[in-house]
Amino acid sequence: MSRAQAESVIKNIIREIAQECAGKGQAVSETLVAFMVKAVVLDPRNEFNVDRTLTKQDVQKLIKLCVDRLLDQKSPSLDTVKMQVYFDMNYTTRREFLEENQRVLQSRLAPASREITDSRARSREELESLYRKIVSYVLLRSGLGSPTDINTVREATAALQSVFPQSELGSFLALIKRDKEQQLSELTMIVTGIRLFNRDSGKGGEGIEDMPAILNEAIPATSKHIESELKVTQNLAYQYTAILEQLDHTEGAGSSHSVQPDVLKQALYNVRQHESFLNIILADVVTCAKQVESLQRQLGVQMNELKSTVRAKIAVPTAQVYPHFTAISKLWSGLQDEMVLLSVLSNTVASLQPFLETQAQLLPDPLLEPLLEGLEVQSDEQRLIQSSGNRIIASEHKNQDWLFPETTANFDKLPLQYRGICGYTLVKKNGLLLPGNPDIGILKHRDKYYIFSSTEAACGFAEDPEGYIALVAERAKQSAELIQLLELHHQFSSVTPYSEMKSGEKLLVKPITKSESGTQTDTHFVETNIVKSYEWNEWELRRKAIKLANLRTKVTHSMQTNLSHMRRDNISQVYLPKQAACQTKRDNVTNVPKPRVYLAGLRGGNTKTTHMVKTNLTRGVDE
């Protein structure tokens, strides 16, 4: 089967699974279905072989397994995968969000901008209507008030008339479309700066919200809410970890309780993934707070500079105040972006909460309390403190490269594998997640960095790193949510992050390992260096040296007289006479004889008198 045929079959499988789930009342996205198909095929317990073509029975089995897992309402593992899909498809970095926000704003304002730039107003009524449209556009783009509020419109109109009176509409209409759009953008920033300055001076600001005050209240509230959610999630993770450790130490203890270890592990993965996402969002909120603080400080500086510029002056040159208005507008726009970003982050936190409901229903507090009796629930910080006293002795592992805080630059910024989870514990304790302690020592193996929860785990992993890496991958095949949680995409060539999936187009299709390539060898590796001024003749070098020595004592003088003052070079241009010719109907020529006359005896001779003889040898024309 060709690659194109395989992709077509996979798309049909995904479509059929999605339709069957929808028919049973459960709507699922194609991205979720695509990952579930990968998870089912990768799980060795399902006995699928990707090296051979799937038979009809294999396809039916695959569809049934996927549908069963997608319709399982009591699976924390499914909730974890759904949470991962949602987060990767909706979360973007700060820079990407700001760029997308600007694109959305431009697209929303495109019709209003086009209506202004394409206008061909001529009459007085049309020009007044165009001016009102410009005022509305300025209000919409600045986000300072509504175009339907009469007081806001009056204030914006007054500010616009101070920099762009209606009499200049003719010049505006004569511009090309690109220049019109640029002038609209500049007018928006200047008018926004004027309104913000008037608001700060207590002379206006109708419809303008106090953005700094709102952000100063919203950021701490959002941060507190996220920290509260994070604390609850972390406490659940600590409790699940303690119970799983107790069940692992007690032989057969899992069968004497109503809670199965597999359900506890799925719940642990669920809350650990939620904790990871909350930490990412909380870091963005902290960055947002720092950015807001910086913008508010710059806004205050700009306002003070503008006040000192216009204080006690009847008229101020536009070249002095317009840059201040523009800067104030940009800073306020930055505050608006931070407000939108904060709102998106808050909504993301709220949207993650439903993905915790299954594990909360399966493991309520009354069910966990008997299991937690007599157990010491340790937090991640307590585990780090408990294991900080022990350290790997590097001399006992000479074949391995160990890194320590005092000998490694940027030790705390190393890209740790498994998101800082101990891989040895994950394998030995059948999927238990314990955070590693970097103070024990970081193992560098094939340019990747691994940390461990104890010295015993570090020594055990160092004895066979490749074996444990493979075992971690095998464990992830049985619990597909670990691929995203532990960032194991590089170990599974057929599994990509959810945000890079496109309806499973590359699902189960082996990656191309061959490709056409070419190399080119330069003719000369060493660049030539030819010095044009090189001289081998010592006399020529002497001549140049004397010339340079003489020039050192020379001075260039220039003089200007009354006649040459304020003169300039003049050039005149004339039209050259054109060549003219005439032509007749007949060509004719005439010929004359060429004279050949010889004189003899002019120099005299033996006689005293001169006797000249003239001889005419001219031949006739007709001869």
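Look up a bit, the structure's there.
On a predicted model such as this, the values are computed, not experimentally measured, just so you know.

(A) Seen up close, the state of the cysteines. Per the counting criterion, the structure on display carries 0 disulfides. Considering cysteine sulfurs only, Cys 66 is the nearest to Cys 21, which forms no disulfide, with 8.6 Å between them. Looking at Cys 21, the relative accessible area reads 0%, which means it is buried. Look at Cys 66 and you get buried, because its relative accessible area is 0%.

(B) Molecular detail of the pattern of salt bridges. Tallying each qualifying case throughout the model produces 21 salt bridges. As a salt-bridge pair, Glu 535 and Lys 544 come within 3.7 Å of each other at their nearest N and O atoms. Judged by relative accessible area, which is 31%, Lys 544 ranks as partly exposed. Overlapping salt bridges, with partners in common, bring together Arg 272, Glu 275 and Asp 380 in one network.

(C) Main features of the sheet that holds strand β1 (residues 401-403). The sheet built from 3 strands is open, its strands ordered β1-β2-β3 with antiparallel pairing. Strands at the two margins of the open sheet, each flanked by one partner only, are β1 and β3 (448-450). Here the average twist between neighbouring strands, direction ignored, is 35°. Across 3 bridges, β1 lies against strand β2 (residues 442-445) in antiparallel orientation. Bridge assignment links Asp 401 to a residue of β2, and that residue is Lys 444.

(D) Spatial organisation of the pairing of β2. Where β2 meets β3, 3 bridges bridge the pair, whose relative direction is antiparallel. In the strand pairing of β3, Lys 444 is matched with Tyr 449. Linkage of β2 to β3, two consecutive antiparallel strands, is achieved through a turn of 2 residues, within which Arg 446 is found at a positive phi near 55°.

Quick notes on the rules
Residues numbered from 1 in each chain as written. Predicted model: local features only at pLDDT ≥ 70, side-chain atom pairs only at ≥ 80, totals over all residues. Heavy atoms only, no water. Disulfide = S-S within 2.5 Å. Buried < 20%, exposed > 50% of the residue type's maximum accessible area, 1.4 Å probe, protein only. Salt bridge = Lys/Arg side-chain N within 4 Å of Asp/Glu carboxyl O. Pairing = 2+ DSSP bridges. Helix = DSSP H or I, 4+ residues; strand = E, 2+ residues; numbered from the N terminus. Axes fitted to C-alpha atoms, helices over the stretch in contact; angles between N-to-C directions.

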